[in-house]
Amino acid sequence: MLVCRCSGFLIEVRLMRRYTVLLVVSFVIMLLVITGTMYISGTGSDRDSGRKLLGEITVYTTLPTENVTYLAEEYEKLHKIQVKFVPLSEQELEQRLREPGKADMVLADSRLLRRAAGQGWLVPYVSEHSDAVAGNLKDAGDFWIGTWYDPVVFCINRDYMQRNARLPLGWRDLSEAKGMRIGITDFLAADSSANLYFFLIAQFGEQGTLDLLKKIHPNVVQYAKYLSTPVRMAGMGEVDLTVAVQSEVLRYIDDGYPLKIIQPEEGTAYTLIGTGILLHAPHGEQARKFADWLLTDEALLVLQSNKFYFVPTNPATLAYKRLAVRNPVLFNQLADFPKEKRQELLDRWVKQVRLASDSN
């Protein structure tokens, strides 16, 4: 009987030890779960507070989405202000401007900004950054400020340069070049290409421009559909010289293509992008700060790091100083022709040059 009682006691002790261990393990696991849940909850809260926005602005723009997305993301990250870009055509944007109070700012071609200022849709602003911008790159009354521009240049294949001592240094030289294979984007295919045509007319007159283009025409290998195509052709040696926007040329040079830039000595066309603060802007103060930010290295280096090599209008920035080619002579006549006149001029170019009897 004594033996039986001892055995039962030992069994009970063992069972109690086993259950105690299980209880301790269960308690530890539960404690870890609770602690982990609280940590994750706290971390999420911290992350949400880190993302908390301090405001927002709405910006009408005619620029491609890929140009502005990086800017919006960087500004929100640095300043906790959400920038809502609304991509629009010129016609759509002008229609939106007739309804003040629904957006804060415009980022668009200077042609459109000049019209907006003339119609009273913009309000003036000036700052330390905008004061550094040259007078020909902003409005005289400070109703809009240029942020960056893209000049038209000659892009020469380096192998061609080594074989030819005499190179065209300007538009007249280009029209007199013999046997040179030339690439250019069709004026009907892209606004930046058509912009060159209108600037030439403003500078040299319509007949002078048509005569110039008629002389160049026999050497044109291809009127391309895209801005990048003639630059690639020059890099591959398919043409000797390309007439192109500088940003495209710099992008290909950065990718290792054997190209050299020549800035036309008589001056050149350019696309100037700028900002304007809208009348009755709901967040006018925040819009002014964003407009100023676009003139700083923070914004301009974002563009360059994503291979948008525009020329900054603010010469005090590192982004301006980093550009190897940055001081083009710009045409001093503006190409602000009305829409109907622009189409009329393009039609004459098509008939007298593009589709002439000796067309390629």
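Quick notes on the rules
- Residues numbered from 1 in each chain as written.
- Predicted model: local features only at pLDDT ≥ 70, side-chain atom pairs only at ≥ 80, totals over all residues.
- Heavy atoms only, no water.
- Salt bridge = Lys/Arg side-chain N within 4 Å of Asp/Glu carboxyl O.
- Helix = DSSP H or I, 4+ residues; strand = E, 2+ residues; numbered from the N terminus.
- 1 Å grid on protein atoms, 1.4 Å probe; cavity = no way out; pocket = protein on both sides within 12 Å on 5 of 7 lines; lining within 4 Å.
- Points joined across faces, edges and corners; volume = space filled by probe spheres on them.
- Expected span 1.5 Å × (residues − 1).
- Buried < 20%, exposed > 50% of the residue type's maximum accessible area, 1.4 Å probe, protein only.

J.: Give me the lowdown on the pattern of salt bridges, citing residues and values where you can.
T.: Taken as a whole, this structure holds 17 salt bridges when the rule is applied. Here R348 makes a salt bridge to E344, at a shortest N to O gap of 3.1 Å. Of this pair, R348 and E344 are both found in helix 15 (residues 339–354), 4 residues apart, which corresponds to roughly one turn of the helix. One network of salt bridges, in which partners are shared, links E90, E94, D109, R111 and R115.

J.: Help me get a handle on the layout of surface pockets, residues and values and all.
T.: The method is simple in principle: a probe with the dimensions of a water molecule rolls over the atoms, and the space it marks as empty is what remains. Taken as a whole, the largest pocket spans an internal volume of roughly 1,400 Å³. Together, 45 residues line the largest pocket, and E90, D109, R111, D191 and S192 are the ones closest to its centre. For the lining of the largest pocket, the secondary structure elements donating two or more residues are helix 2 (65–79), helix 3 (90–97), helix 4 (110–118), strand 5 (145–157), helix 8 (191–204), helix 11 (246–254), strand 10 (270–278) and helix 15. Ranked by the residues each element gives to the lining of the largest pocket, the list is headed by helix 8, at 5 residues. Taken as a whole, the second largest pocket encloses approximately 300 Å³ of empty space.

J.: Account for helix 8, naming residues and giving values.
T.: An ideal rise of 1.5 Å per residue puts 20 Å on 14 residues; helix 8 measures up with 20 Å between its terminal C-alpha atoms. Buried residues of helix 8: S193, A194, N195, L196, Y197, F198, F199, L200 and I201, and no others. Two residues or fewer past helix 8, G205 is found with a positive phi of approximately 90 degrees.

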